[in-house]
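As a plain string of letters, each chain reads:
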Amino acid sequence: MKKSIGLVELKSIPIGIEVADIMLKTANVELVLANPICPGKYVIIVSGNVGSVENAIKAGKDRAGIFLIESHVINNIHEDVIPALTGTVEPGNIKSIGCIETISALTAIKAGDVALKSSNIKLIEIRLARGLGGKGFIVMCGDIASINSAIKSCTNELQESGEITSTSSIASPHKDLINKLM
């Protein structure tokens, strides 16, 4: 069965903690992430089957009320997105790296999913907003052609919303840079 993920972003940390509890009690979902992401904002990400994730998101939105910033469900999420969110990826030998910066946490997750589904890349990390003023970014590795293809696919799919702020690709990155990224 394909997994889905749901994201709720709020402008209250105490309400965010309460919403996370309600979401977990409402549906059979797994808590992927629940924490502050920048001053006064809180993000919750859950995973599970489509129906359970949708029910959890609905319950979270109902409780969030005026504190809700955004929510979204991504169905059939690529299996490598969650490890990239939780920092549990072992990238192996890195030939090239690519990075995409987004205006929001949600768009970073979407970009990671698009990149994985469109090209033969390995997603190293999806970083959500902590210390980034609400932005997000993804870091990926693979051969340079695949990196450039993934960046192009993300740009094409997400450009209308204007939520990709910048991108880069680096062939044969210096080993010290690789060590700092890991």
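Residues numbered from 1 in each chain as written. Predicted model: local features only at pLDDT ≥ 70, side-chain atom pairs only at ≥ 80, totals over all residues. Heavy atoms only, no water.

**Focus: the packing of helix 1 (residues 13-26) against helix 2 (residues 50-64)**
Packed helices, taken two at a time, are described by the angle their axes make and the gap between the axes. To be explicit about the condition: In this analysis an axis means a line fitted to C-alpha atoms, helices contributing only their contacting stretch, and an angle means the value between N-to-C directions, from 0 to 180 degrees. In DSSP terms, a helix is any run of H or I states spanning at least four residues, a strand is any run of E spanning at least two, and both are numbered starting from the N terminus. Left-handed describes a crossing whose near helix is turned anticlockwise from the far helix through less than a right angle; right-handed describes the clockwise counterpart. Any two residues whose heavy atoms approach within 4.5 Å are treated as being in contact.
With their axes 8 Å apart at the nearest point, helix 1 and helix 2 run at an angle of 145 degrees to one another. Considering how the two elements wind past one another, helix 1 and helix 2 form a crossing that is right-handed. Across the interface between the two elements, I15, E18, V19, I22, M23 and T26 from helix 1 touch N55, A56, I57, A59, G60, R63 and A64 from helix 2.

**As for the sheet that holds strand 3 (residues 41-48)**
The test is simple: Strand pairing follows a simple DSSP-based rule, namely that at least 2 bridges must link the two strands.
Taken together, 4 strands build an open sheet; the order of strands is 2-3-1-4 and the sheet is antiparallel. A strand with exactly one partner marks an edge of an open sheet, and here the two such strands are strand 2 (30-38) and strand 4 (68-74). Put simply, the sheet's adjacent strands are angled 10 degrees from each other on average, direction ignored. The pairing of strand 1 (residues 4-10) with strand 3 spans 7 bridges and is classified as antiparallel. Paired with L10 across the strands is Y42, a residue of strand 3. Along the sheet face, helix 1 touches strand 1, strand 2 and strand 3 and points at about 10 degrees away from the line of strand 3.

**Re the pattern of salt bridges**
So the rule is basically this: Whenever Lys or Arg places a side-chain nitrogen within 4 Å of a carboxyl oxygen from Asp or Glu, that contact is recorded as a salt bridge. Only protein chains enter the accessibility calculation, which uses a 1.4 Å probe; a residue whose area is less than 20% of its type maximum is buried, one above 50% is exposed, and one in between is partly exposed.
In this structure the tally under the stated criterion is 9 salt bridges. The residue K175 makes a salt bridge to D176 at a minimum N-O spacing of 3.8 Å. In this structure K175 comes out as exposed when scored by relative accessible area, which is 59%.

**Concerning a nonpolar patch on the surface**
To keep things clear, this is the line we draw: Note on patches: the residues involved have over 30% relative accessible area and no salt bridge, like charges join within 9 Å, and the nonpolar side chains Val, Leu, Ile, Met, Phe, Trp and Tyr join within 5 Å. Surface exposure here means Shrake-Rupley accessible area, sampled with a 1.4 Å probe, where a residue is shielded only by the protein chains that are shown.
Taken together, the side chains of I170, L177, L181 and M182 present a nonpolar region at the surface, about 300 Å² in accessible area. Following the sequence through the fold, M182 ends up in the segment after helix 6 (175-181).

**A few points about the environment of P39**
The topology assignment puts P39 in the loop between strand 2 and strand 3. With relative accessibility at 83%, the residue P39 sits in the exposed group. Sequence spacing of P39 and S71 is 32 residues, and the spatial spacing of their C-alpha atoms is 19 Å.

**Here we look at the environment of T88**
Selection criterion: Identification of polar contacts relies on pairs of N or O atoms within 3.5 Å, with a donor-acceptor requirement for protein atoms, meaning one able to donate a hydrogen and the other able to accept it, and with residues adjacent in sequence counted only if both atoms are side-chain atoms.
Turning to its location among the elements, T88 is positioned in the loop between helix 3 (81-86) and strand 5 (96-102). Separated by 37 residues in the primary sequence, T88 and E125 place their C-alpha atoms 8.6 Å from one another. At 3.2 Å, the side chain of T88 forms a polar contact with the side chain of T86.

**Topic: unusual backbone geometry**
The phi torsion at N76 lies on the positive side, around 50 degrees, for a residue other than glycine. Within the secondary structure, N76 sits in the loop between strand 4 and helix 3. The phi angle at S172 is positive, at roughly 50 degrees, despite the residue not being glycine.

**Overview of the nonpolar core**
In summary, soluble globular proteins display a tendency toward joint burial of nonpolar side chains. In plain terms, the rule: Here, nonpolar core refers to any group of buried Ala, Val, Leu, Ile, Met, Phe, Trp, Tyr and Cys residues whose side-chain atoms link them within 4.5 Å.
Core analysis: the biggest nonpolar cluster contains 36 residues, and I45, L85, I109, I126, L128, I138 and M140 have the highest contact counts within it. Those elements giving two or more residues to this core turn out to be strand 1, strand 2, strand 3, helix 3, helix 4 (105-118), strand 6 (122-128), strand 7 (136-142) and helix 5 (144-158). The biggest single contributor to this core is helix 4, with 8 residues. In contact with L128, other than residues within four places in its own chain, are L33, I37, I45, L85, A105, A108, I109 and K135.

**A look at the packing of helix 4 against helix 5**
Spelled out, the test is: The scheme is simple: roughly parallel for angles under 35 degrees, roughly antiparallel for over 145, roughly perpendicular for 65 to 115, oblique for anything else. Residues are grouped as follows: nonpolar covers Ala, Val, Leu, Ile, Met, Phe, Trp, Tyr, Cys and Pro; charged covers Asp, Glu, Lys and Arg; every other residue, Gly included, is treated as polar.
Relative to each other, helix 4 and helix 5 sit at 130 degrees, their axes nearing to 8 Å. Judged by the inter-axis angle, helix 4 sits oblique to helix 5. At the point where helix 4 passes helix 5, the crossing takes the right-handed sense. Across the interface between the two elements, T107, K110, A111, V114, A115 and S118 of helix 4 pack against S149, A150, S153, C154, E157 and L158 of helix 5. The residue inventory of the contact of helix 4 with helix 5, partitioned by class, reads 6 nonpolar, 4 polar and 2 charged.

Just geometry here; none of it tells us what the structure is for.
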